[in-house]
Amino acid sequence: GAVVSQHPSRVICKSGTSVKIECRSLDFQATTMFWYRQFPKQSLMLMATSNEGSKATYEQGVEKDKFLINHASLTLSTLTVTSAHPEDSSFYICSARDLEDLKQYFGPGTRLTVT
Amino acid sequence: AQSVTQPDIHITVSEGASLELRCNYSYGATPYLFWYVQSPGQGLQLLLKYFSGDTLVQGIKGFEAEFKRSQSSFNLRKPSVHWSDAAEYFCAVGDDYKLSFGAGTTVTVRA
């Protein structure tokens, strides 16, 4: 089956630093990837839609200058949390939409802790 | 606007007993409905989905769900629960492009 990986799985960073999270579709191509944020015991909230070769589309309330998204190839999208603060601590999950079957496949998530 | 409500935050069920998870949705057009399962520290795995046609949908791992338009519901069921079914379950609605998720239901399975 289609596999999506995320790296790193866990990261701890200091307040004010930037962190990059990678999302890769391992065995399929994805023109569209999605980034979600999940708070403890809560649902996934869509942050942005990442389209290969073009700018990401951000959901209302999501700061595009803080959460930089780059989708440089059909198998890789990156989310950079800039100038991270403790309130950015969360579980970030990506999904990738298979170009062929149009289904969304989810990555395992990245746990970000900002100290 | 689309939204999903999962009324039950936590359900405990005995192994071998039946399970039903509730999901109500709000959507302007004919919805695409999904159920996902998330194990601790893991991503989401699709259990089943409804686009059109037969309102009783069969999924993986012995799960099924029934779409009831009159009740705006898409409840998930399993006749006999296994200990490995302990997880977080999310109902989602969307157009197969952008999804809106419910808050999730945690299922605990007791021996």
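Keep in mind it's a predicted model, so treat the numbers as computed, not measured.

Peer 1: So what's going on with the state of the cysteines? Which residues, and what values?
Peer 2: Scanning the model with the defined rule gives two disulfides over all chains in all. Cys23 of chain A shares a disulfide with Cys94 of chain A; S-S distance 2.0 Å. Negative torsions about the S-S bond denote left-handed disulfides, and the value of about 80° found for Cys23 of chain A with Cys94 of chain A makes this one right-handed. Highlighted residues: Cys23 of chain A in strand β3 (residues 19-25) and Cys94 of chain A in strand β9 (residues 90-97), separated in sequence by 71 residues. When its relative accessible area of 0% is taken as the criterion, Cys23 of chain A is described as buried. The residue that forms a disulfide with Cys23 of chain B is Cys91 of chain B, at a sulfur-sulfur distance of 1.9 Å.

Peer 1: I'd like to hear about the interface of chain B and chain A, residue by residue, with values.
Peer 2: Taken together, the contact pairs 15 residues of chain B with 21 residues of chain A. Counting each side, the surface lost to burial between chain B and chain A is near 1,400 Å², with a carbon and sulfur contribution of 51%. Here chain B and chain A share one salt bridge between them. Across the pair Lys98 of chain B and Glu59 of chain A runs a salt bridge, and its minimum N-O distance is 2.8 Å.

Peer 1: Outline the sheet that holds strand β1 (residues 4-7) of chain A, listing residues and values.
Peer 2: Residue and element names in this part refer to chain A. With respect to topology, four strands assemble into an open sheet ordered β1-β3-β8-β7, the strand pairing being antiparallel. Taken across any chain shown, the strands that pair with only one partner, and hence form the sheet edges, are β1 and β7 (67-73). Put simply, the sheet's adjacent strands are angled 15° from each other on average, direction ignored. Inspection of the sheet shows β7 paired to strand β8 (residues 76-81) by five bridges, in the antiparallel sense. Across the sheet, residue Ser73 finds its bridge partner in β8, namely Leu76.

Peer 1: How would you explain the pairing of strand β10 (residues 87-94) of chain B if you had to name every residue and give the values?
Peer 2: Residue and element names in this part refer to chain B. Across the eight residues that make up β10, a large majority, eight, are buried. One ladder, built from seven bridges, connects strand β5 (residues 32-38) with β10; its direction is antiparallel. Counterpart to Gln38 in the pairing with β10 is Glu88. When β10 meets strand β12 (residues 105-110), the two strands line up antiparallel, connected through three bridges. When the bridges of β12 are listed, Ala87 appears paired with Val107. In terms of strand pairing, β10 meets strand β11 (residues 99-101) through three bridges, oriented antiparallel. Each bridged residue has a counterpart across the sheet, and for Gly94 the counterpart in β11 is Leu99.

Scoring rules and cut-offs
Residues numbered from 1 in each chain as written. Chains lettered and ligands numbered in written order. Predicted model: local features only at pLDDT ≥ 70, side-chain atom pairs only at ≥ 80, totals over all residues. Heavy atoms only, no water. Disulfide = S-S within 2.5 Å. Helix = DSSP H or I, 4+ residues; strand = E, 2+ residues; numbered from the N terminus. Buried < 20%, exposed > 50% of the residue type's maximum accessible area, 1.4 Å probe, protein only. Contact = heavy atoms within 4.5 Å. Buried area = accessible area lost by both parts, 1.4 Å probe. Salt bridge = Lys/Arg side-chain N within 4 Å of Asp/Glu carboxyl O. Pairing = 2+ DSSP bridges. Axes fitted to C-alpha atoms, helices over the stretch in contact; angles between N-to-C directions.

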